[in-house]
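For reference, the chains in residue letters:
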Amino acid sequence: MNENKFSQIIKELRKKNNLTQQQLADIVGITATGVSYWESGNATPNTETLNKLSNYFGVTVNYLLGIKDKIGEEDNSRTAIIFRKAEQVNPEEKEKLLDILDSTIDIFLGNNKNG
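What counts and what doesn't
- The residue numbering used here restarts from 1 in each chain and proceeds along that chain's sequence as written.
- Side-chain atom pairs in this predicted model are given and counted only at pLDDT of 80 or more, local residue features only at pLDDT of at least 70, and totals for whole chains, interfaces and linings cover all residues.
- To get the side-chain values, take all heavy atoms of the structure and skip hydrogens and water.
- Patches here are clusters of residues that have more than 30% relative accessible area and form no salt bridge, with a 9 Å joining cutoff for like charges and a 5 Å cutoff for nonpolar side chains (Val, Leu, Ile, Met, Phe, Trp, Tyr).
- Calculation of accessible area relied on Shrake-Rupley with a 1.4 Å probe; when residues are assessed, cover is drawn exclusively from the protein chains displayed.
- Definition used for salt bridges: Asp or Glu carboxyl oxygen within 4 Å of a side-chain nitrogen of Lys or Arg.
- Per the convention used, a helix needs a DSSP run of H or I reaching at least four residues, while a strand needs a run of E reaching at least two, with both numbered from the N terminus.
- Relative accessible area decides the class of each residue, using a 1.4 Å probe on protein chains only: under 20% of the type maximum gives buried, over 50% gives exposed, and in between gives partly exposed.

**Some points on a nonpolar patch on the surface**
The grouping of Phe83, Leu98, Leu101, Ile105 and Leu109 at the surface amounts to a nonpolar patch, some 430 Å² of accessible area in total. Element by element, the count of residues in the nonpolar patch is highest for helix α7 (residues 91-109), at four residues. In this structure leucine 98 comes out as partly exposed when scored by relative accessible area, which is 32%.

**As for the pattern of salt bridges**
Applying the stated criterion across every chain yields a total of four salt bridges. Between lysine 16 and glutamate 12 there is a salt bridge, with its nearest N and O atoms 4.0 Å apart. Of the two residues, lysine 16 and glutamate 12 both sit in helix α1 (residues 3-16), four residues apart, roughly one turn of that helix. On the basis of relative accessibility, which here comes to 39%, the residue glutamate 12 falls in the partly exposed class. The closest approach of N and O atoms between glutamate 39 and arginine 14, which form a salt bridge, is 2.5 Å. A residue pair is termed long-range when its members are at least 10 positions apart, and glutamate 39 in helix α3 (residues 32-40) and arginine 14 in helix α1 qualify at 25 residues. Here the two residues glutamate 39 and arginine 14 agree in accessibility, since each one is buried.

Structure below.
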C-alpha cells in the first residue's frame, strides 16, 4: 500500500466530511492519535478499520489504499452522504426518517399512495 497516498486520501475525506480527527476516531473506534498517525503516513489501519472507513465514506477499500485514482460520482454524491448519516440514527427513528423520505419523494414524483 502506498502510505503517502492513503494518508492524503484519508485526510481529504475527513476534511470533505467536516470531521475532526477525534470525530473520525470515534466513528471507527480508535484514538485521535491513531488518525493523526494515518494522516502523517506513520501508520495504516488494519483490515477491519479499513472496512469501517470504506463503509462510512462510501468508497472502496481500494480507493482508500490509493489503488484506484478516482471514485465513482455516486460515492461522493449528496445522496450517498445523507444515507450514510441516516445509518447513524437509532433504528426506531430511522424508520420514521425513511417514512418521511419515502413520502417526500412520492410528492415530488406526483405519486399518491392513498389513491
